[in-house]
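Examining the three-dimensional arrangement
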Amino acid sequence: MDDTAVGLAEKSSAEVKDSERVARLRERLERSLREAAEIEVELSRADGSIRGVPHYSVIEGRAHELGKQLSRAVQQRQMSELAAAQATTAKCPTCGTRCAVRPKKRPLQSVDGAAEIADAQGYCPGCRRSFFPAA
Ligand SMILES: [Zn+2]
């Protein structure tokens, strides 16, 4: 094999690994969602919020609440990973001093309800103010 052929073989091997990983993750998510649905049904009977044969809107309402809860959890996770991956220092936008940056939690009103998300936030001791490095 020449260099081009070797390069192509390596690339396709990496692509196979990626697609296997994606398939594994999708399967794991599917399993977790089925389990969450099972727990939700059991919980709704245990806490008495669904008894006997309820109107379908009651079932739909509880299911939708769970979906919103999952959405908020995903948003929080994505944001905290982004904040953790950001640089640990940034220049103060006012005086240009290099300052420490840390993930800081703040409340957020998402379309799926209130969530607490992490943003990377810098603090300049000289200017005595916080700043968002991304801004
Ligand atoms: Zn400053």
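Read on for an overview of the structure. (Residues numbered from 1 in each chain as written. Predicted model: local features only at pLDDT ≥ 70, side-chain atom pairs only at ≥ 80, totals over all residues.)

Section: the overall build of the protein chain
In terms of helices and strands, the protein chain carries 2 helices and 4 strands. When the elements of the protein chain are put in sequence order from the N terminus, they spell out α-α-β-β-β-β. On C-alpha atoms alone, the protein chain measures out to a radius of gyration of 23 Å, which is more than a quarter above the 14 Å that the 2.2 N^0.38 rule sets for 135 residues. Out of the 135 residues in the protein chain, the part that is buried amounts to 7%. (Helix = DSSP H or I, 4+ residues; strand = E, 2+ residues; numbered from the N terminus. Rg over C-alpha atoms; globule rule 2.2 N^0.38 Å. Buried ≥ 20, exposed ≤ 12 C-beta atoms within 10 Å, placed from the backbone.)

What about the pairing of strand 3 (residues 113–124)?
For strand 2 (residues 98–110) and strand 3, the ladder comprises 10 bridges, and the chain directions are antiparallel. Of the residues in strand 3, the one forming a bridge with Val101 is Gly122. As consecutive antiparallel partners, strand 2 and strand 3 are separated by 2 residues. Here 3 bridges tie strand 3 to strand 4 (residues 129–131), and the two strands are oriented antiparallel to one another. By the bridge assignment for strand 4, Tyr123 is matched with Ser130. Following strand 3, the chain reverses through 4 residues before pairing antiparallel with strand 4; Arg128 in that reversal takes a positive phi of roughly 55°. (Pairing = 2+ DSSP bridges.)

Here's the deal with the sheet that holds strand 2
Strand order in the open sheet made by the 4 strands is 1-2-3-4, with antiparallel pairing throughout. Sheet topology places strand 1 (89–91) and strand 4 at the edges, where each strand pairs with a single neighbour. Across the sheet, the mean angle from the axis of one strand to that of its neighbour is 55°, orientation sign disregarded. In the sheet, strand 1 pairs with strand 2 via 3 bridges, with the strands oriented antiparallel. (Axes fitted to C-alpha atoms, helices over the stretch in contact; angles between N-to-C directions.)

Remarks on the environment of Asp119
Considering the arrangement of structural elements, one finds Asp119 in strand 3. Residues Asp119 and Arg51, 68 residues apart in the sequence, show an inter-C-alpha distance of 42 Å.

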